[in-house]
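Topology and contacts: notes
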Amino acid sequence: MVVDVINKGLSFSMAGRMASAITEIRNKSGGCMPQDLNARGFTPQEVVDHWDAAHFLIAINSLETWGKQA
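In short, a report on the structure. (Residues numbered from 1 in each chain as written. Predicted model: local features only at pLDDT ≥ 70, side-chain atom pairs only at ≥ 80, totals over all residues. Heavy atoms only, no water.)

Looking now at the nonpolar core. If you look at the biggest cluster of nonpolar residues, it comprises 12 residues: Met14, Met18, Ala19, Ala21, Ile22, Ile25, Cys32, Leu37, Phe42, Val47, Ala54 and Ile58. Elements that contribute at least two residues to this core include exactly helix 1 (12–29) and helix 2 (44–65). Examining the composition of this core, we find that six residues originate from one element, helix 1, more than from any other. Setting aside its immediate chain neighbours within four residues, Phe42 contacts Met14, Arg17, Met18, Ala21, Leu37 and Val47. (Core = buried A, V, L, I, M, F, W, Y, C linked by side-chain atoms within 4.5 Å. Buried < 20%, exposed > 50% of the residue type's maximum accessible area, 1.4 Å probe, protein only. Helix = DSSP H or I, 4+ residues; strand = E, 2+ residues; numbered from the N terminus. Contact = heavy atoms within 4.5 Å.)

Set out below in structure tokens:
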């Protein structure tokens, strides 16, 4: 069972979807600006609300694999 933690409007499921989109965009074009997420279906307000949490999740994922790549 996956529990979506919602705290003061912060939805980690939204941040998780945004993190995936940011990672895909970065892999394809080398970078991702907040406005790039609008074409992926995120509203400007969702980007404002969840951008930092999405980057936190990306950083955590990077820590899990850091040092394991040979």
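Right, let's get into the environment of Ile58. With respect to the secondary-structure elements, Ile58 resides in helix 2. Judged by relative accessible area, Ile58 falls into the buried class, the value being 14%. Each C-alpha atom, one on Ile58 and one on Thr23, is 7.8 Å from the other, the two residues being 35 residues apart in sequence.

In short, the description is geometric, and any link to function would need to be established separately.
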